[in-house]
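# A closer look at the structure
Residue strings, one per chain:
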Amino acid sequence: MGMVLPELWSKSCSVAISLASTQLHKYQHMINWKKSASILEIGFADGHTSSHCLAPILPQDYSEFVASDISKEMINYAKQYFKIPRWKFVQMDIGANVPEEFHNKFDHVFGFSVMHMVKNPRKAFKNIYDMLKPGGSTFLIFFEKTPIDDLFDRLKTHPKWGKYGQEKMISTYYYSKNTKDDYQKDIEAAQFKDYTFNVEQEMYRFSSEEECDNSLVAVNCTIPEIPKELYDEYIKDYLKEKMRAHLYKISQKNGKNEVTLHANVFVFIAKKPENIQ
Ligand SMILES: C[S@@+](CC[C@H](N)C(=O)[O-])C[C@H]1O[C@@H](n2cnc3c(N)ncnc32)[C@H](O)[C@@H]1O
(Lines give C-alpha, C1' and ligand atoms only; values in the text may rest on other atoms or scores of the structure.)
Protein backbone atom coordinates (compact mmCIF):
# COMPACT_ATOMS: atom_id res chain seq x y z
CA MET A 1 0.00 0.00 0.00
CA GLY A 2 1.18 3.50 -0.72
CA MET A 3 1.81 6.20 1.85
CA VAL A 4 -0.10 9.42 1.22
CA LEU A 5 1.41 12.03 3.54
CA PRO A 6 4.79 12.97 2.05
CA GLU A 7 5.18 16.20 3.98
CA LEU A 8 4.55 14.57 7.34
CA TRP A 9 6.88 11.69 6.46
CA SER A 10 9.62 14.14 5.46
CA LYS A 11 9.42 15.62 8.99
CA SER A 12 9.26 12.34 10.85
CA CYS A 13 11.42 9.88 8.91
CA SER A 14 14.47 10.10 11.19
CA VAL A 15 13.77 6.54 12.27
CA ALA A 16 14.12 5.33 8.64
CA ILE A 17 17.23 7.46 8.14
CA SER A 18 18.74 5.94 11.26
CA LEU A 19 18.04 2.37 10.09
CA ALA A 20 19.40 2.94 6.60
CA SER A 21 22.50 4.83 7.69
CA THR A 22 23.43 2.25 10.36
CA GLN A 23 23.12 -0.69 7.98
CA LEU A 24 24.66 1.06 4.97
CA HIS A 25 27.60 2.02 7.15
CA LYS A 26 28.00 -1.59 8.23
CA TYR A 27 27.49 -3.25 4.84
CA GLN A 28 28.41 -0.71 2.15
CA HIS A 29 31.74 -2.46 1.55
CA MET A 30 29.67 -5.26 0.00
CA ILE A 31 28.25 -3.00 -2.72
CA ASN A 32 30.32 -3.69 -5.76
CA TRP A 33 29.57 -0.49 -7.72
CA LYS A 34 29.52 -0.95 -11.47
CA LYS A 35 30.97 1.58 -13.89
CA SER A 36 28.37 4.06 -15.28
CA ALA A 37 25.85 2.29 -13.09
CA SER A 38 22.14 2.34 -13.74
CA ILE A 39 20.48 2.49 -10.31
CA LEU A 40 16.90 1.85 -9.16
CA GLU A 41 15.48 2.60 -5.73
CA ILE A 42 12.14 1.11 -4.73
CA GLY A 43 9.93 2.73 -2.06
CA PHE A 44 11.78 6.04 -2.46
CA ALA A 45 8.95 7.99 -0.75
CA ASP A 46 9.81 11.70 -0.38
CA GLY A 47 13.52 10.93 -0.86
CA HIS A 48 14.81 12.19 2.50
CA THR A 49 16.38 8.90 3.54
CA SER A 50 17.94 8.35 0.16
CA SER A 51 19.40 11.84 -0.05
CA HIS A 52 20.89 11.49 3.46
CA CYS A 53 22.18 7.94 3.22
CA LEU A 54 22.52 6.79 -0.37
CA ALA A 55 23.25 9.95 -2.38
CA PRO A 56 26.53 10.62 -0.52
CA ILE A 57 27.92 7.20 -1.47
CA LEU A 58 26.76 7.07 -5.09
CA PRO A 59 29.67 6.82 -7.50
CA GLN A 60 30.02 10.06 -9.47
CA ASP A 61 29.88 8.35 -12.85
CA TYR A 62 26.46 6.68 -12.42
CA SER A 63 24.43 6.92 -15.62
CA GLU A 64 20.92 7.17 -14.13
CA PHE A 65 19.06 6.98 -10.84
CA VAL A 66 15.45 5.87 -11.06
CA ALA A 67 13.46 6.68 -7.90
CA SER A 68 10.24 4.66 -7.68
CA ASP A 69 7.33 4.32 -5.30
CA ILE A 70 3.84 2.86 -5.45
CA SER A 71 2.42 6.15 -4.20
CA LYS A 72 1.69 8.97 -6.64
CA GLU A 73 1.62 11.43 -3.71
CA MET A 74 5.20 10.46 -2.80
CA ILE A 75 6.44 10.57 -6.38
CA ASN A 76 4.83 13.96 -7.08
CA TYR A 77 6.33 15.39 -3.90
CA ALA A 78 9.80 13.97 -4.59
CA LYS A 79 9.73 15.34 -8.16
CA GLN A 80 9.40 18.87 -6.80
CA TYR A 81 12.40 18.53 -4.50
CA PHE A 82 14.90 16.61 -6.56
CA LYS A 83 15.75 18.35 -9.79
CA ILE A 84 18.97 16.40 -10.15
CA PRO A 85 20.39 15.54 -13.56
CA ARG A 86 20.15 11.83 -14.34
CA TRP A 87 17.40 11.31 -11.70
CA LYS A 88 14.02 10.04 -12.89
CA PHE A 89 10.82 9.38 -10.99
CA VAL A 90 8.48 6.50 -11.66
CA GLN A 91 5.30 5.34 -9.96
CA MET A 92 5.65 1.57 -9.66
CA ASP A 93 4.35 -1.20 -7.42
CA ILE A 94 7.28 -3.54 -6.86
CA GLY A 95 4.84 -6.36 -6.01
CA ALA A 96 2.99 -6.18 -9.34
CA ASN A 97 4.01 -6.38 -12.99
CA VAL A 98 6.86 -3.96 -13.66
CA PRO A 99 7.51 -2.31 -17.04
CA GLU A 100 9.03 -4.66 -19.59
CA GLU A 101 11.72 -2.10 -20.44
CA PHE A 102 13.03 -2.38 -16.85
CA HIS A 103 13.99 -6.02 -17.32
CA ASN A 104 17.79 -6.56 -17.26
CA LYS A 105 18.23 -2.78 -16.97
CA PHE A 106 19.75 -2.01 -13.56
CA ASP A 107 23.19 -2.60 -12.06
CA HIS A 108 21.93 -1.83 -8.55
CA VAL A 109 18.53 -1.97 -6.87
CA PHE A 110 18.11 -0.42 -3.40
CA GLY A 111 15.14 -0.44 -1.03
CA PHE A 112 15.00 0.96 2.51
CA SER A 113 12.10 0.19 4.87
CA VAL A 114 9.83 -0.90 2.03
CA MET A 115 9.82 -4.69 1.53
CA HIS A 116 7.81 -5.30 4.74
CA MET A 117 5.04 -3.09 3.23
CA VAL A 118 4.81 -5.06 0.00
CA LYS A 119 1.76 -7.30 -0.20
CA ASN A 120 3.37 -9.81 -2.54
CA PRO A 121 7.04 -10.14 -1.50
CA ARG A 122 7.57 -13.21 -3.70
CA LYS A 123 6.69 -11.23 -6.80
CA ALA A 124 8.77 -8.28 -5.55
CA PHE A 125 11.95 -10.38 -5.15
CA LYS A 126 11.35 -11.87 -8.60
CA ASN A 127 10.89 -8.40 -10.08
CA ILE A 128 14.13 -7.23 -8.50
CA TYR A 129 15.93 -10.25 -9.90
CA ASP A 130 14.44 -9.69 -13.36
CA MET A 131 15.25 -5.97 -13.37
CA LEU A 132 18.91 -6.55 -12.50
CA LYS A 133 21.41 -6.96 -15.28
CA PRO A 134 23.47 -10.15 -15.06
CA GLY A 135 26.12 -9.38 -12.42
CA GLY A 136 23.95 -6.63 -10.89
CA SER A 137 23.21 -6.49 -7.19
CA THR A 138 20.56 -5.47 -4.71
CA PHE A 139 20.68 -4.05 -1.19
CA LEU A 140 17.49 -4.08 0.89
CA ILE A 141 16.76 -3.22 4.51
CA PHE A 142 13.36 -4.11 5.97
CA PHE A 143 11.66 -5.02 9.24
CA GLU A 144 11.19 -8.60 10.37
CA LYS A 145 7.84 -7.54 11.89
CA THR A 146 6.84 -3.94 11.43
CA PRO A 147 6.45 -1.76 14.52
CA ILE A 148 2.86 -1.01 13.48
CA ASP A 149 1.70 -4.59 12.89
CA ASP A 150 0.47 -4.88 16.49
CA LEU A 151 -1.54 -1.68 16.20
CA PHE A 152 -3.36 -2.81 13.07
CA ASP A 153 -3.83 -6.34 14.34
CA ARG A 154 -6.01 -4.84 17.08
CA LEU A 155 -7.63 -2.17 14.92
CA LYS A 156 -8.75 -4.74 12.35
CA THR A 157 -11.39 -5.99 14.78
CA HIS A 158 -12.11 -2.63 16.40
CA PRO A 159 -15.89 -2.04 16.53
CA LYS A 160 -15.58 1.38 14.92
CA TRP A 161 -12.42 1.25 12.79
CA GLY A 162 -12.33 -2.41 11.74
CA LYS A 163 -14.46 -1.76 8.67
CA TYR A 164 -11.94 0.69 7.21
CA GLY A 165 -9.51 -1.87 5.82
CA GLN A 166 -7.17 -1.86 8.84
CA GLU A 167 -6.05 -5.44 8.09
CA LYS A 168 -4.47 -4.22 4.82
CA MET A 169 -1.66 -2.62 6.83
CA ILE A 170 -0.53 -5.88 8.46
CA SER A 171 2.71 -7.12 6.95
CA THR A 172 2.50 -10.33 4.92
CA TYR A 173 4.41 -12.53 7.38
CA TYR A 174 3.24 -10.95 10.63
CA TYR A 175 1.55 -14.17 11.78
CA SER A 176 4.42 -16.37 10.66
CA LYS A 177 6.42 -18.32 13.23
CA ASN A 178 9.57 -17.85 11.18
CA THR A 179 9.49 -14.70 9.10
CA LYS A 180 13.06 -15.19 7.92
CA ASP A 181 12.23 -18.61 6.49
CA ASP A 182 9.25 -17.21 4.64
CA TYR A 183 11.24 -14.41 3.04
CA GLN A 184 14.02 -16.86 2.27
CA LYS A 185 11.59 -19.03 0.32
CA ASP A 186 10.60 -15.96 -1.71
CA ILE A 187 14.25 -15.05 -2.27
CA GLU A 188 15.06 -18.54 -3.52
CA ALA A 189 11.92 -18.73 -5.66
CA ALA A 190 13.25 -15.58 -7.37
CA GLN A 191 16.45 -17.54 -8.26
CA PHE A 192 18.81 -15.55 -6.01
CA LYS A 193 21.60 -17.93 -5.02
CA ASP A 194 24.52 -15.72 -4.07
CA TYR A 195 23.20 -13.69 -1.14
CA THR A 196 23.65 -12.46 2.42
CA PHE A 197 20.49 -12.32 4.52
CA ASN A 198 21.21 -11.13 8.06
CA VAL A 199 19.14 -10.08 11.04
CA GLU A 200 20.22 -6.97 12.90
CA GLN A 201 18.82 -5.72 16.20
CA GLU A 202 17.94 -2.06 16.07
CA MET A 203 17.05 0.46 18.73
CA TYR A 204 15.84 3.96 17.94
CA ARG A 205 15.03 6.64 20.52
CA PHE A 206 12.49 9.18 19.25
CA SER A 207 13.41 12.78 20.02
CA SER A 208 9.88 13.26 21.34
CA GLU A 209 6.59 11.39 21.54
CA GLU A 210 5.33 13.80 18.86
CA GLU A 211 8.01 12.61 16.44
CA CYS A 212 6.92 9.02 17.06
CA ASP A 213 3.25 9.90 16.61
CA ASN A 214 3.93 11.82 13.40
CA SER A 215 5.81 8.87 11.96
CA LEU A 216 2.95 6.55 12.91
CA VAL A 217 0.43 8.78 11.15
CA ALA A 218 2.69 9.22 8.11
CA VAL A 219 3.00 5.47 7.51
CA ASN A 220 -0.73 4.81 7.92
CA CYS A 221 -1.96 4.09 4.38
CA THR A 222 -5.59 3.61 5.47
CA ILE A 223 -6.10 7.29 6.25
CA PRO A 224 -7.84 8.01 2.91
CA GLU A 225 -10.46 5.39 3.89
CA ILE A 226 -11.40 7.13 7.15
CA PRO A 227 -14.32 9.56 6.81
CA LYS A 228 -13.07 13.14 7.30
CA GLU A 229 -15.44 13.85 10.19
CA LEU A 230 -14.06 10.84 12.11
CA TYR A 231 -10.38 11.57 11.43
CA ASP A 232 -9.44 13.14 14.80
CA GLU A 233 -11.17 10.42 16.77
CA TYR A 234 -9.55 7.70 14.66
CA ILE A 235 -6.04 9.18 15.04
CA LYS A 236 -6.52 9.38 18.81
CA ASP A 237 -7.52 5.70 19.01
CA TYR A 238 -4.79 4.67 16.57
CA LEU A 239 -2.03 6.41 18.53
CA LYS A 240 -3.37 5.03 21.81
CA GLU A 241 -2.63 1.54 20.48
CA LYS A 242 1.12 2.17 20.48
CA MET A 243 1.01 1.90 24.29
CA ARG A 244 0.27 -1.81 23.84
CA ALA A 245 2.51 -2.50 20.84
CA HIS A 246 5.39 -4.62 22.02
CA LEU A 247 8.13 -3.11 19.80
CA TYR A 248 7.62 0.30 21.39
CA LYS A 249 8.88 0.90 24.93
CA ILE A 250 7.48 3.93 26.68
CA SER A 251 9.02 5.32 29.85
CA GLN A 252 8.79 8.55 31.78
CA LYS A 253 11.59 11.10 31.73
CA ASN A 254 11.27 14.61 33.22
CA GLY A 255 7.50 14.22 33.26
CA LYS A 256 7.34 13.33 29.55
CA ASN A 257 6.89 10.07 27.70
CA GLU A 258 10.09 8.83 26.12
CA VAL A 259 9.54 6.36 23.29
CA THR A 260 12.06 3.87 21.98
CA LEU A 261 11.63 1.38 19.19
CA HIS A 262 13.27 -2.05 19.45
CA ALA A 263 13.06 -4.13 16.31
CA ASN A 264 14.84 -6.69 14.19
CA VAL A 265 15.68 -5.61 10.69
CA PHE A 266 16.74 -7.75 7.77
CA VAL A 267 19.63 -6.78 5.58
CA PHE A 268 19.50 -8.53 2.19
CA ILE A 269 22.39 -8.16 -0.23
CA ALA A 270 22.38 -10.31 -3.36
CA LYS A 271 23.95 -10.61 -6.75
CA LYS A 272 22.37 -11.89 -9.96
CA PRO A 273 24.72 -14.37 -11.63
CA GLU A 274 26.96 -13.01 -14.41
CA ASN A 275 26.23 -15.88 -16.74
CA ILE A 276 22.60 -16.83 -17.08
CA GLN A 277 21.53 -19.48 -19.57
C1 LIG B 1 8.19 3.44 5.32
S2 LIG B 1 8.37 4.23 3.78
C3 LIG B 1 10.11 4.23 3.57
C4 LIG B 1 10.50 5.26 2.59
C5 LIG B 1 12.00 5.46 2.36
N6 LIG B 1 12.60 4.36 1.66
C7 LIG B 1 12.70 5.70 3.67
O8 LIG B 1 13.50 4.84 4.07
O9 LIG B 1 12.43 6.73 4.27
C10 LIG B 1 7.85 2.99 2.62
C11 LIG B 1 7.60 3.51 1.21
O12 LIG B 1 7.36 2.39 0.38
C13 LIG B 1 6.25 2.65 -0.45
N14 LIG B 1 5.64 1.36 -0.82
C15 LIG B 1 4.80 0.58 -0.10
N16 LIG B 1 4.46 -0.52 -0.80
C17 LIG B 1 5.10 -0.43 -1.98
C18 LIG B 1 5.13 -1.26 -3.15
N19 LIG B 1 4.40 -2.39 -3.22
N20 LIG B 1 5.90 -0.87 -4.20
C21 LIG B 1 6.62 0.27 -4.13
N22 LIG B 1 6.63 1.11 -3.06
C23 LIG B 1 5.88 0.76 -2.00
C24 LIG B 1 5.35 3.56 0.37
O25 LIG B 1 4.46 4.31 -0.44
C26 LIG B 1 6.38 4.43 1.08
O27 LIG B 1 6.68 5.57 0.34
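- In the nomenclature of an unreviewed UniProt entry, the chain is known as Methyltransferase type 12 domain-containing protein of Psylliodes chrysocephalus.

## Remarks on unusual backbone geometry
- The backbone of R86 shows a phi angle near 75°, a positive value even though the residue is not glycine.
- For R86, a relative accessible area of 40% corresponds to the partly exposed category.
- Of note in the backbone geometry, S113 takes a positive phi value of approximately 55° without being a glycine.
- Within the secondary structure, S113 sits in the loop between β4 (106-112) and α5 (121-131).
- Residue S113 is classed as buried on the basis of its relative accessible area, which comes to 17%.

## Observations regarding the nonpolar core
- Among the nonpolar cores identified, the biggest contains 66 residues, and F139, Y238 and Y248 are the most heavily contacted of them.
- Considering every element that reaches this core, the biggest residue donor is helix α2 (residues 14-27), with 7 residues.
- Core analysis: the next-biggest nonpolar cluster, separate from the first, contains 30 residues, Y173, I187, A190 and F266 among them.

## Some remarks on the pattern of salt bridges
- Inspection of every chain in the model, using the stated rule, returns 19 salt bridges.
- Where K26 meets E200, a salt bridge forms, and the shortest distance between an N and an O atom there is 3.0 Å. You can see K26 sitting in helix α2 and its partner E200 sitting in strand β6 (residues 194-205), a full 174 residues away along the chain.
- Judged by its relative accessible area of 13%, E200 is buried.
- Put simply, E225 and K168 hold a salt bridge, and the shortest N to O gap is 3.0 Å. Of the two residues, E225 is situated in the loop between α8 (209-218) and α9 (231-240) and K168 in the loop between α6 (149-155) and α7 (179-189); the sequence distance between them amounts to 57 residues.
- For E225, a relative accessible area of 30% translates into the label partly exposed.

## Brief notes about the site of the ligand
- Around the ligand lies a shell of 20 residues, among which G43, T49, D69, D93 and F112 are the nearest.
- Between the ligand and the protein, one listed contact pairs a nitrogen atom with a backbone N or O atom of F112 at 2.7 Å.
- Protein contact buries 98% of the 600 Å² of open area that the ligand shows by itself.
- Of the residues contributing to the shell around the ligand, the split by class is 13 nonpolar, 5 polar and 2 charged.

## Here's the deal with the state of the cysteines
- In total, this model carries 0 disulfides according to the counting rule given.
- With no disulfide of its own, C13 lies closest to C53 among cysteine sulfurs, the gap being 9.0 Å.
- Using a relative accessible area of 2% as the deciding quantity, one classes C13 as buried.
- Left unpaired, C212 is separated from the closest cysteine sulfur, that of C13, by 14 Å.

## Brief notes about the pairing of strand β2 (residues 64-69)
- For β2, a buried count of 6 out of 6 residues is recorded, marking the element as mostly surrounded by other parts of the structure.
- Residue alternation in β2 divides its side chains into two sets, E64, V66 and S68 and F65, A67 and D69, and both sets are buried.
- Direction of pairing for strand β1 (residues 38-42) relative to β2: parallel, over a ladder of 4 bridges. From the neighbouring strand, E41 faces β2, where its bridge partner is A67.
- Crossover handedness for the path β1 to helix α3 (residues 48-54) to β2: right-handed.
- The sheet contact formed by β2 and strand β3 (residues 87-91) spans 5 bridges and is parallel. Its bridge partner being in β3, D69 is matched across the sheet by Q91.
- Handedness of the crossover is the feature at issue here: the chain leaves β2, passes through helix α4 (residues 72-81), returns alongside β3, and the resulting connection is right-handed.

## Quick look at the packing of α8 against α9
- It is the contact of α8 with α9, at a shortest axis distance of 11 Å, that shows an interaxial angle of 115°. Two packed elements cross with a definite hand, and for α8 against α9 that hand is right-handed. Contacts between α8 and α9 involve D213, L216 and V217 on the former and, on the latter, Y231, I235, Y238 and L239.
- Grouping the amino acids of the contact of α8 with α9 by side-chain chemistry returns 6 nonpolar, no polar and 1 charged.

Procedures and definitions
- Residues numbered from 1 in each chain as written.
- Predicted model: local features only at pLDDT ≥ 70, side-chain atom pairs only at ≥ 80, totals over all residues.
- Heavy atoms only, no water.
- Buried < 20%, exposed > 50% of the residue type's maximum accessible area, 1.4 Å probe, protein only.
- Helix = DSSP H or I, 4+ residues; strand = E, 2+ residues; numbered from the N terminus.
- Core = buried A, V, L, I, M, F, W, Y, C linked by side-chain atoms within 4.5 Å.
- Salt bridge = Lys/Arg side-chain N within 4 Å of Asp/Glu carboxyl O.
- Near = heavy atom within 4 Å.
- Polar contact = N/O pair within 3.5 Å; in protein donor to acceptor, adjacent residues only side chain to side chain.
- Areas by Shrake-Rupley, 256 points an atom, 1.4 Å probe, with all protein chains shown as cover.
- Nonpolar A, V, L, I, M, F, W, Y, C, P; charged D, E, K, R; others polar.
- Disulfide = S-S within 2.5 Å.
- Pairing = 2+ DSSP bridges.
- Right-handed = clockwise from strand over helix to strand, strands pointing away.
- Axes fitted to C-alpha atoms, helices over the stretch in contact; angles between N-to-C directions.
- Left-handed = near helix turned anticlockwise from the far one by under 90°.
- Contact = heavy atoms within 4.5 Å.

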